[in-house]
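So you can see what is in the structure, the chains are spelled out below.
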Amino acid sequence: MNGALAVAVFLAALNPARTRLGMPETADRRLRFDLAGPGILIGIAFLVLVASVAERGLDALEISPETFRIAAGFVLVIVAAWMLSQPVPTAEPVASGRLGALWPVAYPRVVSPESLTLAVTTGASDGLGRVIPGLAIAAAVLLALGAVPTGAIARRLLAGIGRLLAVVLVVAGVWLALQGIREV
Amino acid sequence: MIKRRLALHLSILVIGAAVLRVGVVPAEVCPAVTSAQVAEAIDAATGWLVGGMSADGRYLYGYDRSVDEVNGGYNYARHGGVTMSLFQVHGAFGSPDVLAAADRALAHALQRLVEGSGWMAWQPTGGDIPVGANGLLVAGMALRRRATGDPVHDETMRAIGRFLVGQQQPDGSVYAYWDVSSEAPQLGFGPFATGETSWALTLLDAEFPGEGWGEVAARTFDYMGSERNRVEGYLTSIPDHWAAYTAGDLRPDLLTGDGRGYARRLAGYFGIRLRFEAQRRGTGINLILRWYPGPPAGVGTAGEGLGALHRLSLREPALADLKAPIEWRLACTAGIMVERQVSSAEAVSASRPDLEAGAWFYRGYTQMDDQQHVLSTLLAALPVLEAMEEDR
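All figures in this text were calculated on a predicted structure; none of them were measured in a lab.

Description of the overall build of chain A
Inference 1: Looking only at helices and strands, one finds nine helices and zero strands in chain A.
Inference 2: Along chain A, from the amino end to the carboxyl end, the secondary structure elements read α-α-α-α-α-α-α-α-α.
Inference 3: The globule rule puts the C-alpha radius of gyration for 184 residues at 16 Å, and the 16 Å found for chain A is close to it.
Inference 4: Principal axes of the C-alpha set define a box for chain A whose edges measure 55 × 30 × 25 Å.
Inference 5: Counting every position in chain A, which comprises 184 residues, the buried fraction comes to 50%.
Inference 6: The long-range share in chain A, meaning contacts at least 24 apart out of those at least 6 apart in sequence, stands at 92%.

Structure, rendered in structure tokens:
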């Protein structure tokens, strides 16, 4: 996976537009950042950690990185289908105080089945050099979207962009599965 | 409320991971194996083939241990294939006994040569002449010549080579039979005759450079990589190990960019086949999802195909990235097949130890081509394992 493709796929997997719609909502922008900022960073740090041990982890489970790509492709397609049918994530209760950064921001918004499998497959096959830029850009977009007040128009726009990114995720999933099949 | 939602999310994650583990990515088990164990396995499989030969140079065709019954049938393309594999063994180990046995099998075929207009061909049964069997016969003789330097069959090789060229069509396709009654190529293709022909012609080119065999072989190789599926009506590409052998031995100047692309696709077909095989346990839920450990001939064809492409990856810079994954896959397959081979100790208690020791069975049955293809795989894996051991 080349660098630009990795960025596109991570962007689609983290789907900042849809994820933004699932973030704890407050009228105070600063308060939003107080939860979203640390939560996103914690989630991204966890994904980088997972990617860094992915090769060893797959080895321990006796799974070749090539075969895991097939599994990752399946996960991305299934999740993307879910995203298309549910463009706005189910609202989650927010943990009190700073714990709100962990739940529901770091998990399940940033760390999710799709971002986890993508971190594992990219980390094991292409290394952190492909994982970190992809996650960093997706995180930056997500943080930037945190500044957007989610009024009716913004919500509709974010849902539309979220759907588009879900389509990208379907393509990425199919592509990953085919790559996994074609590799030696 | 939060605890309930967290439990729900984690449950979905865990159940999803379990489904993936069982259904998509079961453990790919690659038993550790040494080059010495592989050499022993080659020796034992060769012993099964040579030990089962009859005085007239035919091999024992098959054996069903569940009913203790020898299969009295025969297949002459497989006769050519097994003989070719024995010449590969001789090429690797220089064993005079194996050469003598392969020569007996070759003599059996050469007794049935017929002449046409400027060509000769092996007509095993008296009916239409199978092109694939002739291709494998030529391949065997070419490997024999490469290993021994003996020119005794040179003219026969050239004569059968001309027969093979006569079966080739302008687009590079190859008709699979010569029709004896109409004295013309019979319209129709075979799944493997095309690749067997192109490989035979490739090996002729290596033995007789400058005679134009390679150019004819390349035409068929390019056809296999481009038009074959459409022309011959295949919905999916054939994982053709003989095409891989052609790629592995084709003169570098004849391998085009498209040809390299085809070689890469072939490596992928064999790779997924062997990864899938490494996931097979043949028990429990794995049996339902992955079925029994695969037929040895099927595993072997994928392995020997990868072996041929390994040679190509060593000399083609554009395919050098395939070298490491192919080596890993070959080593893994060698470990699996060494473990699955019936050892002499295991065969002692069998009703026919001589028909079990050294063989690979699929659900109680083994056939000469099971031994042939796995043998060729192990021969390809042997130098890879030796190099790995040296590096350690």
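Now that the structure is up, let's keep going.
Describing the interface of chain A and chain B
Inference 1: With 20 residues of chain A at the interface, the matching set in chain B holds 22 residues.
Inference 2: When residues of the side of chain A that touches chain B are traced back to their parent elements, those giving at least two are helix H5 (65-85), helix H6 (102-110) and helix H9 (152-182) of chain A.
Inference 3: Ranked by the residues each element gives to the side of chain A that touches chain B, the list is headed by H5 of chain A, at six residues.
Inference 4: For the side of chain A that touches chain B, the per-class residue count stands at 13 nonpolar, two polar and five charged.

Describing the sheet that holds strand S5 (residues 129-130) of chain B
Residue and element names in this part refer to chain B.
Inference 1: The three strands are arranged S5-S6-S7 in an open sheet whose pairing can be described as antiparallel. The open sheet is flanked by S5 and strand S7 (184-186), the only strands paired with a single partner.
Inference 2: When S5 meets strand S6 (residues 177-179), the two strands line up antiparallel, connected through two bridges. Note that in S6 the partner of Pro130 across the bridge is Tyr177.

Description of the environment of Pro108 of chain A
Inference 1: As for its placement among the helices and strands, Pro108 of chain A is situated in helix H6.
Inference 2: Along the chain, Pro108 of chain A and Glu92 of chain A lie 16 residues apart, while their C-alpha atoms are 9.3 Å from each other.

Comments concerning the nonpolar core
Inference 1: In this structure, Val38, Val138, Ala247, Leu309 and Leu378 of chain B are the most contacted members of the largest nonpolar core, which totals 112 residues.
Inference 2: Here this core takes 10 residues from helix H17 (residues 368-391) of chain B, the largest share from any one element.
Inference 3: Apart from residues no more than four positions distant in its own chain, Val38 of chain B is found in contact with Val33, Ala334, Val338, Leu378, Ala381, Leu382 and Leu385 of chain B.
Inference 4: Ala13, Leu58, Phe68 and Tyr107 of chain A belong to the second-largest nonpolar core, a separate cluster that totals 58 residues.

Regarding the environment of Glu346 of chain B
Residues and elements named next belong to chain B.
Inference 1: Among the structural elements, Glu346 can be located in helix H15 (residues 344-347).
Inference 2: Take Glu346: there are 12 C-beta atoms within 10 Å of it, and that puts it in the exposed class.
Inference 3: For the pair Glu346 and Asn229, spaced 117 residues apart in sequence, the C-alpha separation works out to 44 Å.

Quick word on the confidence of the model for chain B
Inference 1: Here chain B averages 97 in pLDDT, and 100% of its residues register 70 or above.
Inference 2: Interface scoring of the predicted complex returns ipTM 0.91; its pTM is 0.92.

Looking at the environment of Leu187 of chain B
Inference 1: By secondary structure assignment, the location of Leu187 of chain B is in the loop between S7 and helix H7 (193-207).
Inference 2: Note: C-alpha distance between Leu187 of chain B and Phe163 of chain B (24 residues apart in sequence) is 15 Å.

A word on helix H10 (residues 241-249) of chain B
Residue and element names in this part refer to chain B.
Inference 1: Within H10, nine of the nine residues are buried, which leaves it mostly tucked inside the rest of the structure.
Inference 2: For H10, the full list of buried residues reads His241, Trp242, Ala243, Ala244, Tyr245, Thr246, Ala247, Gly248 and Asp249.
Inference 3: Check the buried side of H10 and you find it contacts H7, helix H8 (213-225), helix H11 (257-278) and helix H13 (296-315).

Definitions and limits used
- Residues numbered from 1 in each chain as written.
- Chains lettered and ligands numbered in written order.
- Predicted model: local features only at pLDDT ≥ 70, side-chain atom pairs only at ≥ 80, totals over all residues.
- Helix = DSSP H or I, 4+ residues; strand = E, 2+ residues; numbered from the N terminus.
- Rg over C-alpha atoms; globule rule 2.2 N^0.38 Å.
- Buried ≥ 20, exposed ≤ 12 C-beta atoms within 10 Å, placed from the backbone.
- Contact = placed C-beta atoms within 7 Å.
- Nonpolar A, V, L, I, M, F, W, Y, C, P; charged D, E, K, R; others polar.
- Pairing = 2+ DSSP bridges.
- Core = buried A, V, L, I, M, F, W, Y, C linked by C-beta atoms within 7 Å.
- pLDDT = per-residue confidence, 0-100.

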